[in-house]
Structures are given as C-alpha cells and as structure tokens.
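Architecture and fold: a report
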Amino acid sequence: MAFTITFDGQTTAKFLPMQRQPESESALEALSDVEPADVSVTGTDFALGFNPGNTLSIEFMGQYAAWDVPEITVSSTGLW
C-alpha cells in the first residue's frame with residue numbers, strides 16, 4: 001500500500017512502504033510552499049513494511065517555526 005501527505009492544499013508524490021525518512025522529507029520539501037530545512041521527518045523505518053503501530057512524525061521548522069501550520073492529511077485511498 002502507498003500513501004500521500006497533503007499539506008496546505010498540496011499533495012506529495014506517493015510514498016511506498018519501504019521508503020525511509022529522508023525520502024519522505026524530500027517529498028515534503030518538493031512542495032512549493034515548503035523550503036529545504038522546513039521539515040524534519042522521524043519515526044518507524046518502513047523498510048520492514050507498513051504495519052499498524054508504525055509511526056511517522058513530521059516537525060515543521062524554519063519559516064514555520066513560530067506558526068500554527070495547516071492541518072496535514074494522509075491518504076492511502078486508491079494508491080495500491
């Protein structure tokens with residue numbers, strides 16, 4: 001199963017379960033309103049698969065450090 005992350009009306013390319021945090025961080029930084037070093041992604045290494053209990057934490061920094069950021073949504077709908 002793959003998934004996408006939507007932030008401030010923009011959606012990342014799909015993530016595959018075996019992607020690691022650096023690839024997830026790069027995909028978020030590819031959004032036009034996110035600069036390099038604006039996000040830090042940490043959490044479970046998905047190399048072993050996407051299982052219940054695996055977590056991915058996204059921290060906004062840089063230009064977003066002092067702001068409430070828009071809600072993030074994650075979707076796996078239609079992304080097999």
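So, how was this worked out
Residues numbered from 1 in each chain as written. Predicted model: local features only at pLDDT ≥ 70, side-chain atom pairs only at ≥ 80, totals over all residues. Heavy atoms only, no water. Helix = DSSP H or I, 4+ residues; strand = E, 2+ residues; numbered from the N terminus. Contact = heavy atoms within 4.5 Å. Phe/Tyr/Trp six-rings, centres within 6.5 Å; stacked < 30°, edge-to-face > 60°. Buried < 20%, exposed > 50% of the residue type's maximum accessible area, 1.4 Å probe, protein only. Core = buried A, V, L, I, M, F, W, Y, C linked by side-chain atoms within 4.5 Å. pLDDT = per-residue confidence, 0-100. Pairing = 2+ DSSP bridges.

For the rest of this paragraph, the subject is the side chain of T12. Assignment of secondary structure puts T12 in the loop between β2 (10-11) and α1 (21-29). Sequence-distant contacts of T12, defined by excluding residues within four places in its chain, comprise T4, I5, A27, L28 and L31.

This part is about the packing of aromatic side chains. Tallied over the full model, the rule gives three aromatic pairs. Ring plane angle 25° and centroid distance 4.6 Å describe the contact between F7 and F60, whose orientation is recorded as stacked. Within this pair, whereas F7 is found in strand β1 (residues 4-7), its partner F60 is found in strand β4 (residues 56-60), the two being separated by 53 residues in sequence. As far as the burial class goes, F7 and F60 line up, both buried. Ring geometry for F60 versus Y64: centroids 5.6 Å apart, planes at 80°, classification edge-to-face. According to the relative accessible area criterion, Y64 is buried, its value standing at 12%. Each residue in the set F7, F60 and Y64 is aromatic and connected to the rest through ring pairs, giving one cluster.

Formed by F3, I5, F7, F15, A27, L28, L31, V34, V39, V41, F60 and Y64, the largest nonpolar core amounts to 12 residues. Elements with a minimum of two residues in this core: β1, α1 and β3 (39-43). Sequence-distant contacts of Y64, defined by excluding residues within four places in its chain, comprise F7, D33, V34, D38 and V69.

A word on the environment of T12. Residue class for T12 comes out buried when judged on its relative accessible area of 6%. For the pair T12 and S26, spaced 14 residues apart in sequence, the C-alpha separation works out to 9.7 Å.

This paragraph deals with the confidence of the model for the protein. Overall, the predicted model of the protein reaches an average pLDDT of 80, with 74% of residues at or above 70. Of all the helices and strands in the protein, α1 carries the lowest mean pLDDT, 81, while β2 carries the highest, 94.

What follows concerns the sheet that holds β1. Strand order in the open sheet formed by three strands is β2-β1-β5, and the pairing between neighbours is antiparallel. Lying at the two open borders of the sheet, with one neighbouring strand each, are β2 and β5 (72-75). By the bridge criterion, four bridges tie β1 to β5 in an arrangement that is antiparallel. Considered in β5, the bridge of F7 is made with I72.

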